[in-house]
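# A closer look at the structure
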Amino acid sequence: MSYLKIENLVKTYNKTEVVKKLSLEIKKGELMSFLGPSGCGKTTTLNMIAGFLDVDGGKIEVDNESVQHLPPNKREMGMVFQNYALFPHMTVFDNVAYGLKLRKVTKVEIKRRVQEVLEMVRLSGFEKRYPKELSGGQQQRVSLARALVIKPKVLLLDEPLSNLDAKLRQQMREEIVEIQKELGITTIFVTHDQEEALAISDRIAVMFEGRIEQVDTPADIYNHPETDFVSQFIGEVNRVRGKVLEVYENNKCKLFFYGSEQIVSIHSKQNSEIDFFIRPEKIQILTSPSNKGDEIKTIVERKMFLGPKTRYFLKIEDNHIVADISNTMINPNDIHQGSNVFAIWKPEDLLPSRKGR
Amino acid sequence: MLYGNQKIYYLLERVGDSYMKLETGSTINIKKKKKKKKIWDAWLLVIPTLAVFIFFFLIPLFFLFITSFKTFDASTGIGGEWTFQNYIKFISDPFYLGVLWRTVKIGLITTLVTIIISYPVAFQIAKAKGKVKNYLTLLVLSPLLISMVIRCYGWVILLSNNGVINSSLMKLGWIDQPLELLYSEFSVIVGMVHVLFPYMVLSIMGSLERIDTSVLRASQNLGASSLKTFTSVTLPLTLPGIFAGSVMVFSLSVSSFVTPSILGGPQVKVMSYITYEQVAVMLNWPYGGAIGFILIFIATITIVFYSKILSKSKKGVAIQ
Ligand SMILES: Nc1ncnc2c1ncn2[C@@H]1O[C@H](COP(=O)(O)OP(=O)(O)OP(=O)(O)O)[C@@H](O)[C@H]1O
Ligand SMILES: [Mg+2]
């Protein structure tokens, strides 16, 4: 089923491995994001796939055929570079036609296909312009058109939106997804912007220090992070600590959190301490204690009005957490700085940390 | 010698200007928007240079231009009458026209040869990294550290009839008679190329280094081989460098005096040499001035013509 297959890919620079046995399978027509902090090896991996860098180990296959021995010009992969890399001495038309001319396509056919793809990226009428005469977003679209027009087997996008302003970025990413889905082209989208990755990907490969931490759909990455790194890198999290009071059968424990008791599905030992992550929007607050004994007494340190929701900065003993509460649930005017409120969360929303377990 | 230098600066200035326009066409608009006061601050820094340029170059040049339309007076040098005779004399004498043609020919061949020799060198240096790059650059520049006269006599030792090359070839039995290498256009060109190629290397290297590697990668990614990438991306993007280098090499070559004097001798007379003859030996300033201006004129035309060919259909020269 997988179209692009990467197995145990390794890249070493001066004896340090920057890509460490990276394996990944991408389905045909899928949009896979590489998401990770700066320097985690995203570009390096992409360059190995495109053939600009030699691999120091591992395999790259497209459609069950190894492409490793092929030079970049034989790999049929379209790449969109971070800085667009348009040919400055060629017009928009010539830039887009470049790959077609190399493929000995007839002049008439070149003209037709260039016009078609320029229409797709909404740049008809710009054929005679030079890259210098285009805005960043327009250059980016030429670069995309240039890569798409050759109908590549795989489309590689290296942070294609990072040079654009926020608004244009959002607009462009929607256009990219639209075109990608329309053409059904297998795509790798490199980004270090998690919101971008969550918004556009079919699946996300979260990378950290040359390794893939988790590959999953955006929802699963967000709701079921498999490693501490993923928990903390994707979205925002609070860290809370609980102490195991009692161990039950069927992998449940009674835990003690800052004066409250909860039964959580987790495998652990009596008296051990466990760290959990919990997202700000998973925390509820009450102005008066419930009678179930699962609420935690906190002090409101600060609040921040964010339109549809309000962010409350809460102090629990010596720990600080934030809770995002919809303004339709609680009127922020009712909660005062320095007052006591009660925080509650559902045990199933707790994401256990892998460390300290 | 005096004329030689003046011509160089004049040409570089002229051509440099139009070249700058080509290259930075798009930035001019931006500059206009800046506040007036800023522009004046910038001009203040230029004033000393500008003053030297005007007083020690433009004004003397202007007087020389006027002088070239005066008659020759055997006792005072410059006569009192106005005349076109100096220019007519040059144009109508096959000997002088021959000298002009030879000068331009040597200049063009020297330029062409330096481009061919320098490009691969510049390419390698631009590719090199760190220390290696510094050493290679120093190596290329090292000829400039040695006096031109010494370098020329080095070539005399190599090229003369009983010089290193001829005696080696004769010992090998490849030739019976020594080849006439020295005191020919060939030896002048060899010497000039040696002297001038660092300028070309530096100039081409500059434009090679400005090429973004991702542009080259994009070309390969789209299916171009390394050779194709070179011919359709690298080479067009280095045309400005080739052009700037050519202007320098050509101007320095047509106005050079030492190299043709030592390596060409009396057989290979060039414009700077006959100018020197007129001014310093015959003391005929008006005619010397006319010869100087004819060279400036021809060299400018050649460069303008050359730039037209080079930038023809390639707007890329103007971009980047
Ligand atoms: N040519 C090189 N020589 C040595 N180390 C390199 C080289 N190129 C990259 N690296 C190192 O490899 C690691 C991964 O680099 P890479 O460019 O793949 O990061 P990235 O994930 O694309 O980061 P960013 O988001 O900043 O673009 C970095 O630590 C970088 O310092
Ligand atoms: Mg990168």
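Basis of the calculations
- Residues numbered from 1 in each chain as written.
- Chains lettered and ligands numbered in written order.
- Predicted model: local features only at pLDDT ≥ 70, side-chain atom pairs only at ≥ 80, totals over all residues.
- Heavy atoms only, no water.
- pLDDT = per-residue confidence, 0-100.
- Helix = DSSP H or I, 4+ residues; strand = E, 2+ residues; numbered from the N terminus.
- Contact = heavy atoms within 4.5 Å.
- Salt bridge = Lys/Arg side-chain N within 4 Å of Asp/Glu carboxyl O.
- Buried < 20%, exposed > 50% of the residue type's maximum accessible area, 1.4 Å probe, protein only.
- Buried area = accessible area lost by both parts, 1.4 Å probe.
- Nonpolar A, V, L, I, M, F, W, Y, C, P; charged D, E, K, R; others polar.
- Phe/Tyr/Trp six-rings, centres within 6.5 Å; stacked < 30°, edge-to-face > 60°.
- Axes fitted to C-alpha atoms, helices over the stretch in contact; angles between N-to-C directions.
- Parallel < 35°, antiparallel > 145°, perpendicular 65-115°, else oblique.
- Core = buried A, V, L, I, M, F, W, Y, C linked by side-chain atoms within 4.5 Å.
- Polar contact = N/O pair within 3.5 Å; in protein donor to acceptor, adjacent residues only side chain to side chain.
- Pairing = 2+ DSSP bridges.
- UniProt positions renumbered as here; feature names shortened; annotations may be inferred.

## Comments concerning the confidence of the model for chain B
Residue and element names in this part refer to chain B.
- In the predicted model, chain B carries a mean pLDDT of 84, and the fraction of residues at 70 or more is 85%.
- Mean pLDDT in chain B bottoms out at helix 1 (residues 2–24), which sits at 41, and peaks at helix 10 (residues 213–221), which reaches 96.
- This model gives residues 1–32 a pLDDT under 50, and the stretch forms 42 contacts once residues within four places in sequence are excluded.
- The ipTM for the predicted assembly is 0.81, set against a pTM of 0.79.

## Details of the pattern of salt bridges
- Counted according to the given criterion, the structure contains 25 salt bridges over all chains.
- A salt bridge links K27(A) to E30(A); the nearest nitrogen and oxygen atoms lie 3.8 Å apart.
- K27(A) gets classed as partly exposed once you look at its relative accessible area, which sits at 34%.
- Under the relative-accessibility criterion, E30(A) is labelled buried at 6%.
- Across the pair K133(B) and E209(B) runs a salt bridge, and its minimum N-O distance is 2.7 Å. On the criterion of sequence distance, the pair formed by K133(B) in helix 6 (residues 130–141) and E209(B) in helix 9 (residues 185–209) is long-range, its members being 76 residues apart.
- The class of K133(B) is buried, set by a relative accessible area of 19%.
- Three or more residues are tied together by salt bridges with common partners; here these are E236(A), K309(A), R311(A) and D324(A).

## Some thoughts on the interface of chain B and chain A
- Each partner contributes to the interface: chain B provides 22 residues, whereas chain A provides 24 residues.
- Here chain B packs against chain A, burying approximately 2100 Å² in sum over the two surfaces, 63% of which is carbon and sulfur.
- Counting across the interface, chain B meets chain A through 0 salt bridges.
- At the level of secondary structure, the elements contributing two or more residues to the side of chain B that touches chain A comprise helix 10 and helix 11 (226–254) of chain B.
- The leading source of residues in the side of chain B that touches chain A is helix 10 of chain B, at 7 residues.
- A class-by-class count of the residues in the side of chain B that touches chain A yields 8 nonpolar, 10 polar and 4 charged.

## Comments concerning helix 1 (residues 42–50) of chain A
Residue and element names in this part refer to chain A.
- With 8 of 9 residues buried, helix 1 lies mostly within the body of the structure.
- Those residues of helix 1 lying buried are K42, T44, T45, L46, N47, M48, I49 and A50.
- Immediately downstream of helix 1, the backbone of G51 shows phi near 95°, a positive value.

## What to know about the packing of aromatic side chains
Residue and element names in this part refer to chain B.
- Taken as a whole and judged by the stated rule, the model has 21 aromatic pairs over all chains.
- Ring centres of F95 and Y96 lie 5.2 Å apart, and the angle between their planes is 70°; on these two criteria the pair is classed as edge-to-face.
- Take F95: its relative accessible area is 42%, and that puts it in the partly exposed class.
- Given a relative accessible area of 11%, Y96 falls into the buried group.

## Notes on the packing of helix 5 (residues 94–127) of chain B against helix 13 (residues 271–281) of chain B
Residue and element names in this part refer to chain B.
- Contact geometry of helix 5 with helix 13 gives a least axis separation of 8 Å together with a crossing angle of 135°. Viewed along their axes, helix 5 and helix 13 adopt a mutual orientation that is oblique. Contacts between helix 5 and helix 13 pair Y96, V99, L100 and T103 from the former with M271, I274 and Q278 from the latter.
- Residues belonging to the contact of helix 5 with helix 13 are distributed by class as follows: 5 nonpolar, 2 polar and no charged.

## Quick notes on the nonpolar core
- Within the largest apolar cluster, 126 residues are counted, with the highest numbers of intra-cluster contacts made by V96(A), L144(A), L156(A), I188(A), F90(B) and M271(B).
- Counting residues per element, this core draws most heavily on helix 9 of chain B, at 12 residues.
- Dropping the residues within four chain positions of it, F90(B) is found in contact with Y96(B), L97(B), L100(B), M271(B), I274(B), Y287(B), I291(B) and I294(B).
- Core analysis: the second largest hydrophobic core is formed by 27 residues, V244(A), V300(A), V341(A) and L350(A) among them.

## With respect to the side chain of T186(A)
- Examined against the element boundaries, T186(A) turns out to sit in strand 8 (residues 186–191).
- Here the side chain of T186(A) touches G29(A) through a polar contact of 3.0 Å, landing on its backbone nitrogen.

## Let's talk about the sheet that holds strand 4 (residues 57–62) of chain A
All names here are of chain A.
- A sheet is described by the order of its strands in space; here 4 strands give the open sequence 2-1-4-5, paired in antiparallel fashion. Because the sheet does not close on itself, it has two edges, and the strands there are strand 2 (16–27) and strand 5 (65–66).
- When strand 4 meets strand 5, the two strands line up antiparallel, connected through 2 bridges. By the bridge assignment, V62 is partnered in strand 5 with E65.

## Considerations on the UniProt feature "domain: ABC transporter" (unreviewed entry) in chain A
- Mapped onto this numbering, the UniProt entry annotates "domain: ABC transporter" (unreviewed entry) at residues 4–234 of chain A.
- Taken end to end, residues 4–234 of chain A comprises 36% helix and 27% strand; its first and last C-alpha atoms sit 25 Å apart.

## Considerations on the sheet that holds strand 12 (residues 252–257) of chain A
Residues and elements named next belong to chain A.
- With antiparallel pairing, 5 strands are arranged side by side in an open sheet as 13-12-11-14-20. Since the sheet does not close on itself, it has two edges, and those belong to strand 13 (260–265) and strand 20 (351–352), each with one partner.
- As defined by bridge partners, strand 14 (residues 273–278) adjoins strand 20 across 2 bridges and the pair is classed as antiparallel. From the neighbouring strand, F277 faces strand 20, where its bridge partner is L351.

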